Amino acid sequence: MNEIDKIIQDVFEENQLEKINDKLYLTKRQIDILKRNDIEYSSKSIDQLIFELEDILNYEENEELDKLSSELAEFNYYHNTNK
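Residues numbered from 1 in each chain as written. Predicted model: local features only at pLDDT ≥ 70, side-chain atom pairs only at ≥ 80, totals over all residues. Heavy atoms only, no water.

Quick word on helix α4 (residues 63-80)
Then, number 1: When the terminal C-alpha atoms of α4 are compared, their 25 Å separation across 18 residues agrees well with the 26 Å that a helix rising 1.5 Å per residue should span.
Then, number 2: All buried positions along α4 are accounted for by L65, L68, S69, L72 and N76. Along the axis of α4, the buried residues cluster in a sector spanning 100°; they form a single face. Residues of α4 that are exposed and point over 90 degrees away from its buried face: E63, K67, E74 and Y78.
Then, number 3: Capping of α4 at its N-terminal end is provided by N62; its side-chain oxygen lies 3.1 Å from the backbone amide nitrogen of E64. (Helix = DSSP H or I, 4+ residues; strand = E, 2+ residues; numbered from the N terminus. Expected span 1.5 Å × (residues − 1). Buried < 20%, exposed > 50% of the residue type's maximum accessible area, 1.4 Å probe, protein only. Arc of directions from axis to C-beta. Polar contact = N/O pair within 3.5 Å; in protein donor to acceptor, adjacent residues only side chain to side chain.)

Re the confidence of the model for the protein
It should be kept in mind that the predicted coordinates are not to be read in detail where pLDDT is low.
Then, number 1: Per-residue confidence for the protein gives a mean pLDDT of 91; residues scoring 70 or more make up 98%.
Then, number 2: Averaged over each element, pLDDT in the protein is lowest for helix α1 (residues 3-15) (84) and highest for helix α3 (residues 46-59) (96). (pLDDT = per-residue confidence, 0-100.)

Right, dumping it as structure tokens:
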């Protein structure tokens, strides 16, 4: 495996969704962000997690959590909203 193949494989693995529970799927990158910020996620739904992130963002500025909140909200809209 050459270096480019390894980079592509790493990016793919980092962005692959993992089932956390029946109501939540996250990527390894998203899990790492939550762990770095000491946010418990394993027993929450995506709605609960988005709510908690938004609550945190009301009191502190954190670009990483803001981006994560937006990603989760977009995923939730496109996968869980009846259109």
